[in-house]
Amino acid sequence: MQKPTEGTARWFEVARRQCVDHLRALLSIRMAHDYMNVILGNFENCHPLVASGLHSASVIAYGRPFTPTKTKIGKVAYNIAALKRVEGFDRQLHAHLLEIRNRLIAHADYDVLLSTMYLQTIGDEKLPVRAGLNVKTVYGISSRALGERYQNHFRVCLSSIEKTLDQEFRELAVHAKKYPAVFQATTNLPEAVQEWTSV
């Protein structure tokens, strides 16, 4: 995609959207980090149901920015290209988190955790006396080391996105000063004016 011409309405539209995308990704990954932090802080004593719920919430929050979503401009997902170049970005874990989010936690693909059915019989005639079905699901995280790997990966992502957001927001501010008329004409927020009176 060709970069819009500096100082145009299109430039400001793209710059604002990128800042919002970074901020939304930052919020989601911060939530993933915080959920995992609670698990790790209480790893030995955390009730399995609580740990399972927090693990699922962490994986879903992490995957949110990277999962395509419908918008008025089409399907969009957070651009991961810059993150992949950051030292410490765990590509294998990133792929794993998205896979378990898409195939086990947010959705249940039958071919991942196969269910089994059994029939118990008696006698030579094999008379059925009991039938059963075993269904599997993800039940939290059993390894502290894996939880710590999640945390390290989340921290790398957070740091990188924060730097990118700061840089792009500063660039937006510079352009707003340089092209104030275009900036004001393209903003979708009304100017807030508050009057103060001295006492």
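These numbers come from a predicted model, not from an experiment.

What counts, and where the lines are drawn
- Residues numbered from 1 in each chain as written.
- Predicted model: local features only at pLDDT ≥ 70, side-chain atom pairs only at ≥ 80, totals over all residues.
- Heavy atoms only, no water.
- Helix = DSSP H or I, 4+ residues; strand = E, 2+ residues; numbered from the N terminus.
- Rg over C-alpha atoms; globule rule 2.2 N^0.38 Å.
- Buried < 20%, exposed > 50% of the residue type's maximum accessible area, 1.4 Å probe, protein only.
- Contact = heavy atoms within 4.5 Å.
- Areas by Shrake-Rupley, 256 points an atom, 1.4 Å probe, with all protein chains shown as cover.
- Lys, Arg positive; Asp, Glu negative; His and termini not counted.
- Charge placed at Lys NZ, Arg CZ, Asp CG, Glu CD.
- Polar contact = N/O pair within 3.5 Å; in protein donor to acceptor, adjacent residues only side chain to side chain.
- Phe/Tyr/Trp six-rings, centres within 6.5 Å; stacked < 30°, edge-to-face > 60°.
- Core = buried A, V, L, I, M, F, W, Y, C linked by side-chain atoms within 4.5 Å.
- Pairing = 2+ DSSP bridges.
- Axes fitted to C-alpha atoms, helices over the stretch in contact; angles between N-to-C directions.
- Parallel < 35°, antiparallel > 145°, perpendicular 65-115°, else oblique.
- Left-handed = near helix turned anticlockwise from the far one by under 90°.
- Nonpolar A, V, L, I, M, F, W, Y, C, P; charged D, E, K, R; others polar.

**Student:** Give me the overall build of the protein: which residues, what numbers.
**Tutor:** Within the protein one finds six helices and four strands. Order of helices (α) and strands (β) in the protein, N terminus to C terminus: α-α-β-β-α-α-β-β-α-α. Since a compact globule built from 199 residues should have a radius of gyration of about 16 Å, the 24 Å found for the protein marks it as more spread out than a globular shape. Structurally, the protein occupies a C-alpha span of about 90 × 40 × 40 Å along its principal axes. Residues classed as buried in the protein amount to 31% of the 199 residues present. Sequence separation of 24 or more characterises 67% of the internal contacts of the protein that already satisfy a separation of 6 or more. Summing over all exposed atoms, the protein offers an accessible surface of approximately 13,900 Å²; the carbon and sulfur share of this is 55%. For the protein, the distance from the average position of its 25 positive side-chain charges to the average position of its 19 negative side-chain charges is 3 Å.

**Student:** How would you explain the environment of Gln 151 if you had to name every residue and give the values?
**Tutor:** Along the chain, Gln 151 turns up in helix α5 (residues 144–178). Residue class for Gln 151 comes out buried when judged on its relative accessible area of 3%. Along the backbone, Gln 151 and Thr 197 are 46 residues apart, and their C-alpha atoms lie at a distance of 49 Å. A distance of 3.3 Å separates a polar atom in the side chain of Gln 151 from a polar atom in the side chain of Asn 37.

**Student:** Residue-level account of the packing of aromatic side chains, with values.
**Tutor:** In total, this model carries six aromatic pairs according to the counting rule given. These aromatic residues form a ring-pair network of at least three members: Tyr 62, Phe 66, Tyr 78, Tyr 150 and Phe 154.

**Student:** Summarise the environment of Thr 67; cite the residues concerned and give the values.
**Tutor:** With respect to the element layout, Thr 67 can be found in the loop between α2 (48–63) and β1 (69–71). Along the primary structure Thr 67 and Val 14 are separated by 53 residues, whereas in three dimensions their C-alpha atoms are 20 Å apart. If we skip the residues at most four places from it in the chain, Thr 67 touches Val 76, Ala 77 and Arg 101.

**Student:** Give a description of the nonpolar core that names residues and reports values.
**Tutor:** Counting 34 residues, the largest nonpolar core has Ile 29, Tyr 62, Phe 66, Leu 83, Tyr 150 and Phe 154 as its most contacted members. Take this core: its biggest share by element is 11 residues, from helix α1 (residues 9–41). Those residues in contact with Ile 29 that sit more than four places away from it in its chain are Tyr 62, Pro 65, Phe 66, Phe 154, Cys 157, Leu 158 and Ile 161.

**Student:** Please set out the pairing of strand β3 (residues 116–122) residue by residue, giving values where relevant.
**Tutor:** Bridging between β3 and strand β4 (residues 127–134) involves seven bridges; their strand directions are antiparallel. Within β4, the residue paired with Met 117 across the bridge is Leu 133. Between the antiparallel neighbours β3 and β4 lie four residues, among them Gly 123 with a positive phi of about 75°.

**Student:** Now, about the packing of α2 against α5: what can you tell me, with residues and values included?
**Tutor:** Contact pair α2 / α5: the axes reach a minimum separation of 13 Å and the direction vectors enclose 30°. Relative to α5, the element α2 lies roughly parallel. Regarding α2 and α5, the two cross each other, and that crossing is left-handed. Contacts between α2 and α5 involve His 55, Ser 58, Val 59 and Tyr 62 from the first element and Tyr 150, His 153, Phe 154 and Cys 157 from the second. In the contact of α2 with α5, the residues fall into five nonpolar, three polar and no charged.

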